[in-house]
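Structural characterization, general
Here are the chains, one letter per residue:
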Amino acid sequence: MTSDLPSLDTDSCDTAIRASFLHFLSDPDKSGDAHEYLDDGLLILRQGRVQALVEAVDAIDYLPDGTALYDYSGRLVMPGFIDTHTHYPQSGMIASHGLQLLDWLEQYTFPTETRFAEREYADKIAAFFCEQMLRNGTTTSAVFATVHSESVDAIFEQAQQRNMCLIAGKVMMDRNAPENLCDTAESSYRQSSELIQRWHLKGRNLYAVTPRFAPCSSPAQLEVCAQLISEHPDIYLQSHVAENLDEVRWVSELFPDNRSYLDVYDSFDLLGPRAMFAHCIHLDQVDRERMAASGAAMAFCPTSNLFLGSGLFSLDDARAQDIRVGIATDVGAGTSFSLLQTLNEAYKVCQLAGQSLTPLKAFYLATLGAAEALYIDHRLGNFTVGKEADFVVLDLAATELMQCRMEQAQTLEERLFALMMLGDDRSVQATHLMGQRQYSRSTQ
Ligand code: GUN
Ligand code: ZN
């Protein structure tokens, strides 16, 4: 350490990463300088956390002996992608043909989820899911398990082995599903309470109370969800809302006294910070105002919504109300583990709705925006000092086509747009968790 860099305490750093860097400090819709880009930067870490992000030329010669240096010069490093809604048990039934939501659940999803009563099978799919996440540069997901407690143990164990920050929970459903997939209000309370004790804030794991959706939970079970949240104020809640028109009609029959589908959750006190609702397609203005006022967030699931023919999410309507939104794969109704491919489809959904998704906004939705939607932005989402150093190393010329396109791109925005339209797991050179490399494409 020399007096050239009085503000940079490199003495205590243990790891450094050299690359181009892009991260967000705020929402690009709200500020002209929401992002920071360094063409030749150095990310300096101590014990897995960010100590500084600086120009490489200012610091490379001052790293203490013994610092582990990852030289990714020529590659683009971004905060790890965050998937705000997905289902690990559905990994093996991705791309099942021909049906819309309610028939798809009955014919494909429920039979598949039945297999997770068997711990060995759950372990195998949980391991596969975590490997797919890392292969695609995704470092955190909010994940549905199945109704079986063992399926939750399986995914948290796999996450913990990789030092991954995962949000997950036991699906709660006590009606309108096959008998062997149903719990009861009482058993779902007991099992969820045990799982919270076992997993919430253990290592990097976070627990989410997970009622599948209103049609599968009795009023008594929705009351249990509120009780769990009041007993554990820092836990999460995740569910589905207003995905499909037949589903919306069904909810109005099951809950005739509620004004809307969202109002069912609201009437059980389930809207608030750390509550994440997938889809949010068929909402009205009053619903959106309630989402905004409560602090609940929306998961935008474009590949899933197109695949099941559910409808077009309105990013502009969410934007107008300043509602927290993150991007999500929703595997296995979603058709890709890649958040790059998911942004590709998000762009097209916006186009069909006459809306615009800029590349900067898109990558914000997959990083800091998703972290804000999940209320983990104090830990993750960008490279500000003290954040946990989960990041993805991207090769913008991973294929011949991308290379050809990048040669013509003039600006950062153009390169980012080509990356999200043409990129996939081939663009992910490496994925790091808490600074440590957990995936490298070259060693696969
Ligand atoms: N609604 C209730 N369960 C599910 C599910 O597993 N996937 C999707 N896309 N929607 C749901
Ligand atoms: Zn889902």
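Residues numbered from 1 in each chain as written. Chains lettered and ligands numbered in written order. Predicted model: local features only at pLDDT ≥ 70, side-chain atom pairs only at ≥ 80, totals over all residues. Heavy atoms only, no water.

1. Things to note about the coordination of the zinc ion (ligand 2)
- Binding of the zinc ion (ligand 2) to the protein goes through His85 (NE2), His87 (NE2), His240 (NE2) and Asp330 (OD), at separations of 2.0 to 2.4 Å.
- Seen from the zinc ion (ligand 2), its four donor atoms lie at angles of 90 to 166 degrees, and the figure they make is irregular.
- Taken in sequence order, the residues that donate to the zinc ion (ligand 2) follow the motif H-x1-H-x152-H-x89-D. Separated by 153 residues along the polypeptide, His87 in strand β5 (residues 81–87) and His240 in strand β10 (residues 236–241) bring together distant segments of the chain. Per residue, the accessibility class of His87 equals that of His240, and both read buried. (Donors = N, O, S within 2.8 Å, 3.2 Å for Na, K, Ca; no water. Tetrahedral: all angles 85-135°; square planar, octahedral: opposite > 155°, others 65-115°. Helix = DSSP H or I, 4+ residues; strand = E, 2+ residues; numbered from the N terminus. Buried < 20%, exposed > 50% of the residue type's maximum accessible area, 1.4 Å probe, protein only.)

2. Describing the packing of aromatic side chains
- The full count for this structure, using the stated rule, is 15 aromatic pairs.
- A centroid spacing of 5.6 Å and a plane angle of 80 degrees characterise the contact between Tyr88 and Phe116, whose relative ring orientation is edge-to-face. With Tyr88 in the loop between β5 and α2 (101–114) and Phe116 in the loop between α2 and α3 (119–135), the pair connects residues that are 28 residues apart, well separated along the chain.
- Judged by centre distance (5.1 Å) and plane angle (40 degrees), the ring pair of Tyr265 and Phe277 falls under tilted. Residue Tyr265 is found in helix α8 (residues 261–267), and its partner Phe277 is found in strand β11 (residues 275–279); the two are separated by twelve residues along the sequence. (Phe/Tyr/Trp six-rings, centres within 6.5 Å; stacked < 30°, edge-to-face > 60°.)

3. A few points about the pattern of salt bridges
- Under the counting rule described, the total for this entry stands at 27 salt bridges.
- With its nearest N and O atoms 3.7 Å apart, the salt bridge here joins Asp317 to Arg288. Taken together, the residues span a long stretch of sequence, with Asp317 in helix α11 (residues 315–321) and Arg288 in helix α9 (residues 285–294) at a distance of 29 residues.
- Looking at Asp317, the relative accessible area reads 32%, which means it is partly exposed.
- Salt-bridge contacts for Arg379 lead to Glu388; the nearest nitrogen and oxygen are separated by 2.7 Å.
- Assessed through its relative accessible area of 18%, Arg379 is described here as buried. (Salt bridge = Lys/Arg side-chain N within 4 Å of Asp/Glu carboxyl O.)

4. Digging into the sheet that holds strand β16 (residues 436–440)
- With mixed pairing, seven strands are arranged side by side in an open sheet as β3-β2-β1-β4-β14-β15-β16. The two strands at the open ends of the sheet, each matched to only one other strand, are β3 (49–55) and β16. Each strand axis lies, on average, 35 degrees off the axis of its neighbour in the sheet, ignoring direction.
- Pairing geometry for strand β14 (residues 391–394) and strand β15 (residues 428–433), over four bridges, is antiparallel. By the bridge assignment, Val393 is partnered in β15 with Ala430. (Pairing = 2+ DSSP bridges. Axes fitted to C-alpha atoms, helices over the stretch in contact; angles between N-to-C directions.)

5. Digging into the confidence of the model for the protein chain
- With 98% of its residues at a pLDDT of at least 70, the protein chain reaches an overall mean of 97.
- Taken together, the stretch residues 1–6 has pLDDT below 50 and engages in eleven contacts with residues farther than four places along the chain or on a different chain. (pLDDT = per-residue confidence, 0-100. Contact = heavy atoms within 4.5 Å.)

6. A look at the site of ligand 1
- Inspection of the region around ligand 1 gives 13 residues, with His87, Gln90, Arg212, Glu243 and Asp330 positioned closest.
- Between ligand 1 and Asp330 there is a distance of 2.9 Å, counted from a nitrogen atom to a side-chain nitrogen or oxygen.
- When ligand 1 sits alone it has 280 Å² of accessible area, and the protein chains cover 100% of it.
- The leading source of residues in the shell around ligand 1 is α2, at three residues.
- Class assignment of the residues belonging to the shell around ligand 1 gives a composition of five nonpolar, five polar and three charged. (Near = heavy atom within 4 Å. Polar contact = N/O pair within 3.5 Å; in protein donor to acceptor, adjacent residues only side chain to side chain. Areas by Shrake-Rupley, 256 points an atom, 1.4 Å probe, with all protein chains shown as cover. Nonpolar A, V, L, I, M, F, W, Y, C, P; charged D, E, K, R; others polar.)

7. Some details on the pairing of β3
- Of all seven residues in β3, five are buried, a share of seventy percent or more.
- Relative to β3, strand β2 (residues 35–46) runs antiparallel, the two being bridged by six bridges. Its bridge partner lying in β3, Ile44 is registered against Ala52.
- Between β2 and β3, which pair antiparallel and follow one another directly, the connecting turn spans two residues, one of which, Gln47, has a positive phi of 50 degrees.

8. Focus on the nonpolar core
- Ranked by internal contacts, the top residues of the largest apolar core, which has 109 residues, are Met78, Tyr88, Phe277, Phe363 and Leu394.
- Of all the elements, α3 adds the most residues to this core, at eight residues.
- The residues contacting Tyr88, other than those within four sequence positions of it, are Phe116, Ala122, Ile125, Ala126, Phe129, Val143, Phe144, Ala145, Ser151, Ala154 and Ile155.
- Ranked by size, the runner-up nonpolar core spans 19 residues in total, among them Ala142, Ala278, Ala371 and Ala373. (Core = buried A, V, L, I, M, F, W, Y, C linked by side-chain atoms within 4.5 Å.)

9. Structural notes on unusual backbone geometry
- Cis geometry marks the peptide bond from Val331 to Gly332, where omega comes out at 5 degrees.
- Here Gly332 is to be found in the loop between β13 (324–327) and α12 (339–352).
- Even without being a glycine, His279 presents a positive backbone phi close to 90 degrees.
- Looking at the secondary structure, you find His279 in strand β11.
- The backbone of Asp322 shows a phi angle near 60 degrees, a positive value even though the residue is not glycine.
- Following the sequence through the fold, Asp322 ends up in the loop between α11 and β13.
- For Asp322, a relative accessible area of 49% gives the class partly exposed.

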